[in-house]
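Chain by chain, the residues run as shown.
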Amino acid sequence: MARGAPSPADLRVIRELAALGVVVTASQLESWRRAGLLPRHRRRGLGRGRGTVVDAVDPVVVESAAALARHLRQGRDRRLAVLEWFAEAGMPVRPEAVQVPEPPLGAVRQALVWVLERSVSHRLVKFARSAAGTGEEGQDALYATAGRLMTPRRGAANPALVRAALEAGEDVPVEAEGPDSRSMVHVVAAIGLGVEEVGAEALAEAFGAFGMFGMTAEDWAQMLGAAERGEGPPMDWGLLEQHADVVGPVKRASDEELLRARTVLVGLRGFYGLYVMHGLLMPDTPALAALRQRIDEWGMFPLLDHLIAFSPSPGQFAEAMAACLQPLFDGLYEVLMEQLSADSDIFRLPGDETGAVGFGEKWMRAMAELREGRQAVTRTAGPVDGPPE
């Protein structure tokens, strides 16, 4: 075989991928191997001085190459593809489907750190820390920078209110306003400039805007004010500084901790989806109601709404992974899994022995009746007259 020519094993990989509709080249395979992303072929020795041979191509090599090819495209940084591959490998698959193999976790950690260090939140915290000790001028610069970098977002309207409006034939509540830039930057400023520079009132506004633990800005103001006056438990503001560092925990995380954080994220995404679908007339069951109650008891819906994206970008995925390394989200996941184990019949309506089939049929009927009702209202109202000439 001439130097530089594809090996027989690589040619077999290329053929197997082509049969799956995936096109790769021998140079791509070698490039991925050099980067430590693709396993090398397992070789068997032929005896002293007779070299080695690849008896069979490992399916992990084929599936790993297929995953890389799916997520890589011309001009795209390879680290973004690694994160998408890692996210895909953590998704459940149908019994007959092939499980996507895990990418090298060292490469995953490097990709997470690379993305997080370029995130808006990390850049703002660094800027805030650099502004410490610069007085009002530094604060003004921080708030101005935050205004440019941070884009407003809207959170999901409360699913219970949405459901009640749909069932009553009323207008559906609009999506709730997410935390505005100024509220969010109060927290960033407290991390960089110090809590005393920002003040309890501004922080109460910020925490209330996030909807943290179901508490309003007034609730936070009372609690923080009492702590300042020595009338309540002291606030451990060191925790705020600790949680601001999203990069350090990822660097320190073991492989097992990264895999656990992904498990928590995937699980919370499912529980969040069930919570939101309640607003879209999904039939209710005692098991579903119990799961929602656990989330409400923890006051975690606003935080889940901020954390979860069903089709996350690599940046969103990286920030969610960093959050799920924290005990708060891990603890919520454990509580919800315990509840699910205690009552796993989430899609079984009381008295209906058809199980998930009956559940799905009832949901479809509810959606059809809603659609028909709205069409009837439109027909009754008739055409809307335009403005007078």
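Residues numbered from 1 in each chain as written. Predicted model: local features only at pLDDT ≥ 70, side-chain atom pairs only at ≥ 80, totals over all residues. Heavy atoms only, no water.

1. Observations regarding the overall build of the chain
Tallying secondary structure elements over the chain gives 20 helices and four strands in all. Residues classed as buried in the chain amount to 41% of the 389 residues present. Look at the contacts in the chain between residues 6 or more apart in sequence, and 64% of them connect residues 24 or more apart. With an accessible surface of roughly 21,900 Å², the chain has 55% of that area assigned to carbon and sulfur atoms. (Helix = DSSP H or I, 4+ residues; strand = E, 2+ residues; numbered from the N terminus. Buried < 20%, exposed > 50% of the residue type's maximum accessible area, 1.4 Å probe, protein only. Contact = heavy atoms within 4.5 Å. Areas by Shrake-Rupley, 256 points an atom, 1.4 Å probe, with all protein chains shown as cover.)

2. Things to note about helix H3 (residues 59-71)
With 13 residues, H3 extends 19 Å between its outermost C-alpha atoms, agreeing within 8% with the 18 Å of an ideal straight helix rising 1.5 Å per residue. Contact partners of the buried residues in H3: helix H1 (8-19), helix H2 (26-34) and helix H4 (78-89). (Expected span 1.5 Å × (residues − 1).)

3. Regarding the pattern of salt bridges
Summed over all chains, the structure comprises 13 salt bridges. A salt bridge links Asp330 to Arg260, with the shortest nitrogen-to-oxygen separation between them at 2.9 Å. Of this pair, Asp330 sits in helix H19 (residues 327-342) while Arg260 is found in helix H15 (residues 255-277), placing the two residues 70 residues apart along the sequence. As a salt-bridge pair, Arg260 and Glu334 come within 2.8 Å of each other at their nearest N and O atoms. On the criterion of sequence distance, the pair formed by Arg260 in helix H15 and Glu334 in helix H19 is long-range, its members being 74 residues apart. Using a relative accessible area of 29% as the deciding quantity, one classes Arg260 as partly exposed. Each of Asp10, Glu30 and Arg33 takes part in salt bridges that share partners, so that together they form one network. (Salt bridge = Lys/Arg side-chain N within 4 Å of Asp/Glu carboxyl O.)

4. Looking at helix H16 (residues 286-298)
Between its terminal C-alpha atoms H16 stretches 19 Å, which fits the 18 Å expected from 13 residues at 1.5 Å a residue. Listed as buried for H16 are Ala287, Leu288, Ala290, Leu291, Arg292 and Ile295.

5. A short note on the packing of H15 against H16
Following both chains from N to C, one finds H15 and H16 inclined at 110°, their axes separated by 10 Å at the closest point. The orientation of H15 with respect to H16, classified from their angle, is roughly perpendicular. Residues Phe271, Leu274 and Tyr275 of H15 lie in contact with H16, whose contacting residues are Leu288, Leu291, Arg292, Ile295 and Asp296. Taken together, the residues that form the contact of H15 with H16 break down as six nonpolar, no polar and two charged. (Axes fitted to C-alpha atoms, helices over the stretch in contact; angles between N-to-C directions. Parallel < 35°, antiparallel > 145°, perpendicular 65-115°, else oblique. Nonpolar A, V, L, I, M, F, W, Y, C, P; charged D, E, K, R; others polar.)

6. Notes on the nonpolar core
If you look at the biggest cluster of nonpolar residues, it comprises 68 residues, and the most contacted ones within it are Leu17, Leu112, Leu268, Leu304, Met321, Cys324 and Phe329. When residues of this core are assigned to their parent elements, the largest contribution, 10 residues, is made by H15. With sequence-adjacent residues up to four places away left out, Leu112 is seen in contact with Leu83, Val250, Leu258, Ala318 and Met321. (Core = buried A, V, L, I, M, F, W, Y, C linked by side-chain atoms within 4.5 Å.)

7. A look at the packing of H1 against H2
At a minimum axis distance of 10 Å, the contact between H1 and H2 shows a crossing angle of 110°. In terms of orientation, H1 and H2 fall into the roughly perpendicular class. Each of Asp10, Val13 and Ile14 in H1 lies in contact with H2, whose residues at this interface are Ala26, Leu29 and Arg33. Among the residues making up the contact of H1 with H2, the classes are represented as four nonpolar, no polar and two charged.

8. What about unusual backbone geometry?
If you check the backbone angles, Leu281 has positive phi at about 65° while not being a glycine. Positionally, Leu281 belongs in the loop between H15 and H16. Overall, Leu281 belongs to the buried group, its relative accessible area being 9%.

9. Structural notes on the side chain of Ser64
Inspection of the secondary structure puts Ser64 in helix H3. Residue class for Ser64 comes out buried when judged on its relative accessible area of 2%. Among the polar contacts made by the side chain of Ser64, one reaches the main-chain carbonyl oxygen of Val60 at a distance of 2.7 Å. Ignoring sequence-local partners within four residues, the contact set of Ser64 consists of Leu38, Pro39, Trp85 and Pro101. (Polar contact = N/O pair within 3.5 Å; in protein donor to acceptor, adjacent residues only side chain to side chain.)

10. Some words on the environment of Val266
Looking at the element boundaries, Val266 is found in helix H15. With 67 residues separating them along the chain, Val266 and Tyr333 place their C-alpha atoms 9.8 Å apart. Not counting residues within four places of it along the chain, the set of residues in contact with Val266 comprises Gly90, Met91 and Pro92.

11. As for the packing of aromatic side chains
Across all of its chains, the model carries five aromatic pairs by this definition. Summarising the aromatic geometry, the rings of Tyr272 and Phe310 are spaced 5.7 Å apart at their centres and angled 35° between planes, so their arrangement reads as tilted. Separated by 38 residues along the polypeptide, Tyr272 in helix H15 and Phe310 in the loop between helix H17 (301-307) and helix H18 (314-324) bring together distant segments of the chain. Taking the ring centre of Phe86 as reference, the NZ or CZ of Arg262 above it sits at 4.3 Å. (Phe/Tyr/Trp six-rings, centres within 6.5 Å; stacked < 30°, edge-to-face > 60°. Lys NZ or Arg CZ within 6 Å of the ring centre and 35° of its normal.)

12. Points about the confidence of the model for the chain
When pLDDT is averaged across the chain, the result is 84; 85% of the residues are at 70 or more. The secondary-structure element of the chain with the lowest mean pLDDT is strand E4 (residues 176-177), recorded at 52, while H15 shows the highest, at 97. Contacts from residues 384-389, a stretch scored under 50 in pLDDT, to residues over four places away or in other chains number zero contacts. (pLDDT = per-residue confidence, 0-100.)

13. What to know about the side chain of His122
With respect to the helices and strands, the residue His122 is situated in helix H6 (residues 120-130). Take His122: its relative accessible area is 16%, and that puts it in the buried class. Not counting chain neighbours up to four residues away, the residues in contact with His122 comprise Leu116, Glu117 and Val247.

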